[in-house]
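Here is what each chain is made of, one letter per residue.
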Amino acid sequence: MNEPSKHFAINYNIAKELAHELKARDIHKVIIKDDKMALRLKFYNIERGSAYKLMNQKEIEEGFEQINIVYYGKTVRTFYLYRIN
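Read on for a plain summary of the structure.

1. Considering unusual backbone geometry
Backbone geometry at Asn-45 places phi at a positive 65°, although glycine is not the residue there. Residue position: Asn-45 is located in the loop between helix H2 (35-43) and strand E2 (47-55). The phi angle at Ser-50 is positive, at roughly 125°, despite the residue not being glycine. Mapped onto the elements, Ser-50 comes out in strand E2.

Written out as structure tokens, the structure is:
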């Protein structure tokens, strides 16, 4: 596949992969602005709220964890996880 980010199924699996990555970091709640993604994450038992903020873009240049969603060896989406004090 030349451009896996354009495959129709990628958008449906991103929430599953993201939830898996968050759970691997022992995170079960996040603050997120995207209502659709929040609902999809809730299906995988990731609730809204907590000491973490999940963003699609960098908010500041340091103090974040980068979460890459990779298919077929290519990064199709990147999320930034910030710890809120």
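Read on, since the account is not over.
2. Comments concerning the sheet that holds strand E4 (residues 74-83)
Strand order in this open sheet of four strands is E1-E2-E4-E3, and the pairing throughout is mixed. Of all the strands in the sheet, the pair left with one neighbour each is strand E1 (29-31) and strand E3 (64-71). Taking each pair of neighbouring strands and ignoring which way they run, the sheet shows an average axis angle of 45°. With eight bridges joining them, E3 and E4 adopt antiparallel strand pairing. Note on E4: the bridge partner recorded for Ile-67 is Phe-79.

3. Considerations on the packing of aromatic side chains
The description of an aromatic ring pair rests on the distance of the ring centres and on the angle between the ring planes. A full pass over the atoms with the stated rule returns three aromatic pairs. An angle of 80° between the planes, with centres 5.3 Å apart, marks the rings of Phe-64 and Tyr-80 as edge-to-face. Of the two residues, Phe-64 sits in strand E3 while Tyr-80 sits in strand E4, which places them 16 residues apart along the sequence. Each residue in the set Phe-64, Tyr-80 and Tyr-82 is aromatic and connected to the rest through ring pairs, giving one cluster.

4. Examining the nonpolar core
The nonpolar side chains of a soluble globular protein tend to be buried, and buried together. Counting residues in each nonpolar core, the largest one holds 20 residues, and the members touching the most others are Leu-18, Leu-22, Leu-41 and Leu-54. Looking at this core, the elements with two or more residues in it are helix H1 (10-24), H2, E2, E3 and E4. Here the element with the most residues in this core is H1; it accounts for five residues. Aside from chain neighbours lying at most four places away, what touches Leu-22 is Ile-27, Val-30, Ile-46, Leu-54, Ile-67 and Leu-81.

5. Things to note about the pattern of salt bridges
On inspection of all chains with the given rule, the structure shows three salt bridges. Glu-21 is paired through a salt bridge with Arg-25; the nearest N and O atoms lie 3.2 Å apart. Exposure remark for Glu-21: the relative accessible area of 28% places this residue in the partly exposed category. When its relative accessible area of 29% is taken as the criterion, Arg-25 is described as partly exposed. Among the salt bridges present, the one from Arg-48 reaches Asp-35, with a minimum N-O distance of 2.7 Å. Taken together, the positions of Arg-48 in strand E2 and Asp-35 in helix H2 put the pair 13 residues apart, joining distant regions of the chain. Look at Asp-35 and you get exposed, because its relative accessible area is 53%. One continuous salt-bridge network, built from bridges that share partners, spans Glu-21, Arg-25 and Glu-65.

What counts and what doesn't
In this numbering scheme, every chain counts its residues from 1 along its sequence in written order. Given that the model is predicted, a residue must reach a pLDDT of at least 70 before its local features are reported, and side-chain atom pairs must reach 80 or more before they are shown or counted; all residues, however, enter totals for whole chains, interfaces and linings. Excluding hydrogens and water, the side-chain values take into account all heavy atoms of the structure. Numbering of helices and strands runs from the N terminus; a helix is a DSSP stretch of H or I covering at least four residues, while a strand is a stretch of E covering at least two. Strand pairing follows a simple DSSP-based rule, namely that at least 2 bridges must link the two strands. Fitted lines through C-alpha atoms serve as axes, helices being fitted only where they are in contact, and the angles separating the N-to-C directions of these axes extend from 0 to 180 degrees. Under the pairing criterion, centres of Phe, Tyr and Trp rings, with the six-membered ring standing for Trp, must be within 6.5 Å; the plane angle then separates stacked pairs below 30 degrees from edge-to-face pairs above 60, leaving the rest tilted. Joining through side-chain atoms within 4.5 Å is the link that ties buried Ala, Val, Leu, Ile, Met, Phe, Trp, Tyr and Cys residues into a set, and such a set is a nonpolar core. The buried label applies to any residue whose accessible area, calculated with a 1.4 Å probe on protein chains only, is under 20% of its type's maximum; exposed applies above 50%, and partly exposed to all values in between. Note on contacts: a residue pair qualifies if any of its non-hydrogen atoms lie within 4.5 Å across the two residues. Each reported salt bridge corresponds to a side-chain nitrogen of Lys or Arg within 4 Å of a carboxyl oxygen of Asp or Glu.

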